[in-house]
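# Structural features, examined
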Amino acid sequence: MNSQYGDCYYCGGEVLEREVDLEFRWGGRLFIIESVPTGVCQQCGERFFTAVVSEELDRLAKSSQVDRLIEVPVKVFQKAAA
Ligand SMILES: [Zn+2]
């Protein structure tokens, strides 16, 4: 039992802190925030954030600061192949 996150809200599983790379879209662009301290349920994989981390994610999302740019390959699913 981790006191910072408690048990999983959804399944009651154990939630442990991991460093996770998060992907999200903001203003039509894809962003990645690396090494985010995230509570991850060991049973169902649900992710949880502390209030402090949530605030920092919000700040980073709105900030124009970019640390690194990467190329993201895009592939379109071909319906005919399914
Ligand atoms: Zn869970």
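The shown structure was predicted, so the numbers you read here are calculated from the model rather than taken from an experiment.

### Here's the deal with a negative patch on the surface
A surface patch of negative charge is lined by Glu17, Glu19, Asp21 and Glu23. Summarising the element assignment, glutamate 23 is placed in strand β1 (residues 15-26). The exposed category is assigned to glutamate 23, whose relative accessible area is 62%.

### Comments concerning the side chain of threonine 38
By the element assignment, threonine 38 lies in strand β2 (residues 29-41). A polar side-chain atom of threonine 38 sits 2.9 Å from the main-chain carbonyl oxygen of valine 36. When near neighbours in sequence (up to four residues on either side) are disregarded, threonine 38 contacts Tyr5, Leu16, Glu17, Arg18, Val20, Arg47, Phe48 and Phe49.

### A few points about the layout of surface pockets
In this structure, the largest pocket occupies an estimated 620 Å³ of space. In this structure, the largest pocket is lined by 17 residues; those nearest its centre are Phe31, Ile32, Ile33, Val66 and Arg68. Secondary structure elements with two or more residues in the lining of the largest pocket: β2 and α1 (51-62). Residue contributions to the lining of the largest pocket peak at six residues, all from β2. Of the residues contributing to the lining of the largest pocket, the split by class is 11 nonpolar, two polar and four charged.

Definitions and cut-offs
- Residues numbered from 1 in each chain as written.
- Predicted model: local features only at pLDDT ≥ 70, side-chain atom pairs only at ≥ 80, totals over all residues.
- Heavy atoms only, no water.
- Patch = residues over 30% accessible without salt bridge, like charges linked within 9 Å, V, L, I, M, F, W, Y side chains within 5 Å.
- Areas by Shrake-Rupley, 256 points an atom, 1.4 Å probe, with all protein chains shown as cover.
- Salt bridge = Lys/Arg side-chain N within 4 Å of Asp/Glu carboxyl O.
- Lys, Arg positive; Asp, Glu negative; His and termini not counted.
- Charge placed at Lys NZ, Arg CZ, Asp CG, Glu CD.
- Helix = DSSP H or I, 4+ residues; strand = E, 2+ residues; numbered from the N terminus.
- Buried < 20%, exposed > 50% of the residue type's maximum accessible area, 1.4 Å probe, protein only.
- Polar contact = N/O pair within 3.5 Å; in protein donor to acceptor, adjacent residues only side chain to side chain.
- Contact = heavy atoms within 4.5 Å.
- 1 Å grid on protein atoms, 1.4 Å probe; cavity = no way out; pocket = protein on both sides within 12 Å on 5 of 7 lines; lining within 4 Å.
- Points joined across faces, edges and corners; volume = space filled by probe spheres on them.
- Nonpolar A, V, L, I, M, F, W, Y, C, P; charged D, E, K, R; others polar.

Keep in mind that these numbers describe shape and distance, not what the molecule does.
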